[in-house]
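In case you want the letters, here they are:
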Amino acid sequence: MRDDTPPPGVLKAPPGQIGELYLRSLFLEAGTTISDSMTTKERILLRSLELFNEKGERHITTNHVAADLSISPGNLYYHYRSKQAIIYEIFTHYERLVEHYLQLPDRALSVQDEFDYLDSVFDGLWSYRFLHRDLYHYLDADPRLKTEYSQFTSRCLDRLEEIISSLEQSGILAFHPHSGSGNGASAAALKRTLALNVWLVVTNWMSFLVSSVEVAGGTLSIRHMKSGIHQALAIQEPYVTEAFAEEVARLASDYPDYRSLGSGTSKIVSRKAQASL
């Protein structure tokens, strides 16, 4: 198994509590509250993240955060001069966490490793879900964040290609160049394409859920987020070798299609229904 302990200083929920407590910092001891052991700056960052996730970043101002923490706006301003600065620092925590999760172990990968990668990354997506709910707005508003996110994407795509190649070396995936169509792709090109397609599912899944899926009660859950794993697995299905197909299918059964969640209460909103909104 991979080491899923977050790197020092990264905001990450304790195992099993992502979704209920969102992010609880490594600065917290077991059984303490947000105010027991954190600095003011850490409290601002964590509470901002929770409020952005719960209510949407556009509905939360720095004054809301200050009032929620019972500190003065001036105290918050001393640590973060703008909400944009808070968002940028939250992103750096997300960035470090995802890159930590995408590390390769010093051994051959197993099928379980592949599922651990996906599960961990989607945990991170859920914990920082506000970022991907309105990502283009943040990138447009902050040139520094846009540059950093572009570099982060490039690094993640490189990591994904390495993981895919390692799965190939383990015999779990196989890439046979297409022929006969005049548009044959090399094995290397197929792996690059698979890495990109998985990344597109991962980074756009929150936007898809928010814009196109109607959920009973109107509240998305981590189960909806992790239904994206089903889609990521569907992309790689043509490359799974016969020797590992049964094991992959068995583990994949834990991640149902989003349409099956909520006993049929989750569904795509039709174009006609959207037009009537």
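Thresholds applied
Residues numbered from 1 in each chain as written. Predicted model: local features only at pLDDT ≥ 70, side-chain atom pairs only at ≥ 80, totals over all residues. Heavy atoms only, no water. Helix = DSSP H or I, 4+ residues; strand = E, 2+ residues; numbered from the N terminus. Buried < 20%, exposed > 50% of the residue type's maximum accessible area, 1.4 Å probe, protein only. Areas by Shrake-Rupley, 256 points an atom, 1.4 Å probe, with all protein chains shown as cover. Phe/Tyr/Trp six-rings, centres within 6.5 Å; stacked < 30°, edge-to-face > 60°. Lys NZ or Arg CZ within 6 Å of the ring centre and 35° of its normal. Salt bridge = Lys/Arg side-chain N within 4 Å of Asp/Glu carboxyl O. Arc of directions from axis to C-beta. Contact = heavy atoms within 4.5 Å. Lys, Arg positive; Asp, Glu negative; His and termini not counted. Polar contact = N/O pair within 3.5 Å; in protein donor to acceptor, adjacent residues only side chain to side chain. Axes fitted to C-alpha atoms, helices over the stretch in contact; angles between N-to-C directions. Parallel < 35°, antiparallel > 145°, perpendicular 65-115°, else oblique. Nonpolar A, V, L, I, M, F, W, Y, C, P; charged D, E, K, R; others polar. pLDDT = per-residue confidence, 0-100.

**Quick look at the overall build of the protein**
- Along the protein, the regular secondary structure elements total 13 helices and two strands.
- Here the protein holds 277 residues, and the buried ones make up 47% of them.
- Element-wise, carbon and sulfur atoms account for 52% of the exposed surface of the protein, whose accessible area totals about 14100 Å².

**Comments concerning the packing of aromatic side chains**
- A complete count under the given rule lists 13 aromatic pairs for this structure.
- Each ring, one from Phe-152 and one from Trp-199, has its centre 5.8 Å from the other, and the planes form 70°; the classification is edge-to-face. Taken as a pair, Phe-152 in helix H8 (residues 143-169) and Trp-199 in helix H9 (residues 187-212) lie far apart in primary sequence, 47 residues in all.
- On the basis of relative accessibility, which here comes to 6%, the residue Trp-199 falls in the buried class.
- An aromatic cluster is present here, built from Phe-91, Tyr-94, Tyr-128, Tyr-149, Phe-152 and Trp-199 joined pairwise through their rings.
- One residue, Arg-129, lies across the ring of Trp-126, its end atom 3.7 Å from the ring centre.
- The ring centre of Tyr-88 lies 3.5 Å from the NZ or CZ of Arg-144, which sits over that ring.

**Points about the pattern of salt bridges**
- Summed over all chains, the structure comprises 13 salt bridges.
- For Glu-57, the salt bridge identified is with Lys-83, shortest N-O distance 2.8 Å. Of this pair, Glu-57 sits in the loop between helix H1 (40-55) and helix H2 (62-69) while Lys-83 is found in helix H4 (residues 83-101), placing the two residues 26 residues apart along the sequence.
- Between Lys-226 and Asp-123 there is a salt bridge, with its nearest N and O atoms 2.9 Å apart.

**Description of helix H11 (residues 228-236)**
- Residues of H11 that are buried: Gly-228, Ile-229, Ala-232, Leu-233 and Gln-236. Viewed end-on, H11 has its buried residues packed into an arc of 140°, placing them on one side of the element.
- Residues of H11 that are buried sit in contact with helix H5 (111-127), H9, helix H10 (222-226) and helix H12 (242-252).

**Here's the deal with unusual backbone geometry**
- Positive phi is not limited to glycine here, since Ser-70 has a value of about 60°.
- Along the polypeptide, Ser-70 turns up in the loop between H2 and helix H3 (73-79).

**A word on the side chain of Asp-142**
- Tracing the backbone through its elements, the reader meets Asp-142 in the loop between helix H7 (135-141) and H8.
- The side chain of Asp-142 is buried and forms no salt bridge, while Arg-144, the nearest opposite charge, is found at 4.6 Å.
- Within the structure, Asp-142 has its side chain in polar contact with the backbone nitrogen of Arg-144 (distance 3.0 Å).
- In this structure Asp-142 touches Gln-84 and Tyr-88, once residues within four positions along its chain are discounted.

**Examining the packing of H4 against H5**
- Interaxial distance between H4 and H5 falls to 9 Å at its minimum, and their mutual angle equals 175°. Comparing their axes, H5 and H4 come out roughly antiparallel. Contacts between H4 and H5 involve Tyr-94, Leu-97 and Tyr-101 on the former and, on the latter, Tyr-117, Ser-120, Val-121, Gly-124 and Leu-125.
- Residues that form the contact of H4 with H5 fall into these classes: six nonpolar, two polar and no charged.

**Digging into the side chain of Ser-212**
- With respect to the element layout, Ser-212 can be found in helix H9.
- Polar contacts involving the side chain of Ser-212 include one to the side chain of Ser-211, which spans 3.2 Å.

**Remarks on the packing of H1 against H4**
- Axis separation between H1 and H4 bottoms out at 10 Å; the angle between their running directions is 90°. Taken together, H1 and H4 sit at an angle that is classed as roughly perpendicular. Counted together, Lys-41, Ile-44, Leu-45, Ser-48, Leu-49 and Phe-52 of H1 and Lys-83, Ile-86, Ile-87, Glu-89, Ile-90 and His-93 of H4 form the full contact between these two elements.
- In terms of residue class, the contact of H1 with H4 is built from seven nonpolar, two polar and three charged.

**A short note on the environment of Lys-41**
- Tracing the backbone through its elements, the reader meets Lys-41 in helix H1.
- For Lys-41 and Ile-86, which are 45 residues apart along the polypeptide, the C-alpha to C-alpha distance reads 9.9 Å.

**Regarding the environment of Ala-66**
- Residue placement: Ala-66 occurs in helix H2.
- As for Ala-66 and Tyr-77, which are separated by eleven residues in sequence, their C-alpha atoms are 9.3 Å apart.
- Sequence-distant contacts of Ala-66, that is, excluding residues within four places in its chain, are made with Ile-71, Ser-72, Pro-73 and Leu-76.

**A look at the confidence of the model for the protein**
- Averaged over every residue, the pLDDT of the protein is 81; residues scoring 70 or more account for 77%.
- Averaged pLDDT values for the elements of the protein fall to 33 in helix H13 (residues 271-275) and rise to 97 in H8.
- Throughout residues 8-32 the model reports pLDDT below 50, and contacts reaching past four residues in sequence, or to other chains, amount to 64 contacts.
- Scored below 50 in pLDDT, residues 263-277 makes 23 contacts in the model with residues more than four places away or belonging to other chains.

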